[in-house]
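Here are the chains, one letter per residue:
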Amino acid sequence: MCGWIASVAFILLTLNVFYDVVARYAFNNVSIGMQEMEWHLYSVVFLMGIPFALRTDGHVRVDVLYTRWSETFKAWVNLVGALLLVIPFAAFIAWLGIDFAVESYKLGEGSGDPGGLPYRWIIKSLISFSSFFTAIAGINMVTYAIRVLKRDAHYENSEHSAGGLA
């Protein structure tokens with residue numbers, strides 16, 4: 001779901017930027033709302049892309065080292081990394097993000113610019129939403145690492161496999 005949302009937002013972002021450029025340079029027309037929509041859509045791409053990248057094992061790491069490690073060592077690295085870094089930080093960001101979005105909603109926060117977008121709480125609530133799915137992806141990393149340690153599964157060596165997972 002996260003990957004689909006990020007993909008659709010990326011297509012919309014591309015169309016939005018195209019419209020903005022044509023409107024600005026061909027018709028000398030600038031829309032503050034459309035410019036703000038660019039960073040809203042970019043936020044959706046980025047925030048929903050994080051849990052998708054974790055789930056599909058497409059995140060950045062030092063593959064020069066990782067690909068040479070044994071299955072057991074990879075599983076331990078993923079298990080410890082998910083338990084000590086991914087899940088706690090995702091939970092912390094989700095917890096802080098809720099107050100951030102609620103305060104924005106209560107204030108009726110919108111753009112400070114004339115013609116800007118209202119309802120800024122919607123994009124701010126995406127922080128907690130994304131963090132929730134990032135934590136779920138972390139839990140997936142933990143359960144998969146445990147399966148690898150039990151020899152019930154293994155990590156793929158291909159960079160382009162479905163999540164690098166078997």
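Preceding block: the structure.
Now for a description of the structure that goes with this document. (Residues numbered from 1 in each chain as written. Predicted model: local features only at pLDDT ≥ 70, side-chain atom pairs only at ≥ 80, totals over all residues. Heavy atoms only, no water.)

The next point concerns the overall build of the protein. Scanning the protein from terminus to terminus reveals 5 helices and 0 strands. Ordered by position from N to C terminus, the α and β elements of the protein give α-α-α-α-α. Classification of the 166 residues of the protein by burial places 34% in the buried group. By sequence separation, contacts in the protein at least 24 residues apart represent 69% of the contacts at least 6 residues apart. (Helix = DSSP H or I, 4+ residues; strand = E, 2+ residues; numbered from the N terminus. Buried < 20%, exposed > 50% of the residue type's maximum accessible area, 1.4 Å probe, protein only. Contact = heavy atoms within 4.5 Å.)

Quick look at a nonpolar patch on the surface now. On the surface, Trp76, Val80, Leu83, Leu84, Leu85, Phe89, Phe92, Ile93, Trp95 and Leu96 cluster together to form a nonpolar patch covering roughly 1100 Å² of accessible area. Mapped onto the elements of the fold, Val80 is located in helix H4 (residues 71–107). Taking the relative accessible area as the measure of exposure, Val80 reaches 39% and is therefore partly exposed. (Patch = residues over 30% accessible without salt bridge, like charges linked within 9 Å, V, L, I, M, F, W, Y side chains within 5 Å. Areas by Shrake-Rupley, 256 points an atom, 1.4 Å probe, with all protein chains shown as cover. Salt bridge = Lys/Arg side-chain N within 4 Å of Asp/Glu carboxyl O.)

All right, on to the environment of Ser128 then. Within the secondary structure layout, Ser128 lies in helix H5 (residues 120–149). On a C-alpha basis, the gap between Ser128 and Ala94 in space is 4.0 Å, while along the polypeptide they are 34 residues apart. The contact partners of Ser128, leaving out residues within four places of it in the chain, are Ile93, Ala94, Gly97 and Ile98. Of the polar contacts made by the side chain of Ser128, one reaches the backbone nitrogen of Ile98; its length is 3.0 Å. (Polar contact = N/O pair within 3.5 Å; in protein donor to acceptor, adjacent residues only side chain to side chain.)

Turning next to the packing of aromatic side chains. Counted according to the given criterion, the structure contains 5 aromatic pairs. Centroid distance Tyr42 to Phe46: 6.4 Å. Interplanar angle 15°. Geometry classified as stacked. Here Tyr42 pairs with Phe46, and both are found in helix H2 (residues 32–55), just 4 residues apart, close to one helical turn. A relative accessible area of 47% places Phe46 in the partly exposed class. The interplanar angle of 80° and the centroid separation of 4.9 Å between the aromatic rings of Phe129 and Phe133 together place this pair among those described as edge-to-face. Here the residue Phe129 and the residue Phe133 both occupy positions in helix H5, the gap between them amounting to 4 residues, near one helical turn. Put simply, the rings of Phe129, Phe132 and Phe133 pair up and form one aromatic cluster. Sitting over the ring of Phe100, Lys124 keeps its end group 4.3 Å from the ring centre. (Phe/Tyr/Trp six-rings, centres within 6.5 Å; stacked < 30°, edge-to-face > 60°. Lys NZ or Arg CZ within 6 Å of the ring centre and 35° of its normal.)

Looking now at the pattern of salt bridges. With the rule as written, the count across this model stands at 2 salt bridges. Glu36 is paired through a salt bridge with Arg120; the nearest N and O atoms lie 3.9 Å apart. With Glu36 in helix H2 and Arg120 in helix H5, this pair connects stretches of sequence that are 84 residues apart. Taken as a pair, Glu36 and Arg120 share a single burial class, namely buried. Glu109 is the salt-bridge partner of Lys124, the closest N and O atoms lying 2.8 Å from each other.

Here we take up the nonpolar core. Grouped together as the largest cluster of nonpolar side chains are 13 residues, with contacts concentrated most on Leu54, Ala75, Met141, Tyr144, Ala145, Val148 and Tyr155. Mapped by element, the contributors of at least two residues to this core are H4 and H5. The next biggest cluster of nonpolar side chains, apart from the first, holds 11 residues, and it includes Ala6, Leu13, Val45 and Met48. (Core = buried A, V, L, I, M, F, W, Y, C linked by side-chain atoms within 4.5 Å.)

A separate point is the packing of helix H1 (residues 2–27) against H2. H2 packs onto H1 with a crossing angle of 155° between their chain directions and a minimal axis gap of 8 Å. Here H2 runs roughly antiparallel to H1, going by the angle between their axes. Relative to H2, H1 is oriented so that their crossing is left-handed. In terms of residue class, the contact of H1 with H2 is built from 18 nonpolar, 4 polar and 3 charged. (Axes fitted to C-alpha atoms, helices over the stretch in contact; angles between N-to-C directions. Parallel < 35°, antiparallel > 145°, perpendicular 65-115°, else oblique. Left-handed = near helix turned anticlockwise from the far one by under 90°. Nonpolar A, V, L, I, M, F, W, Y, C, P; charged D, E, K, R; others polar.)

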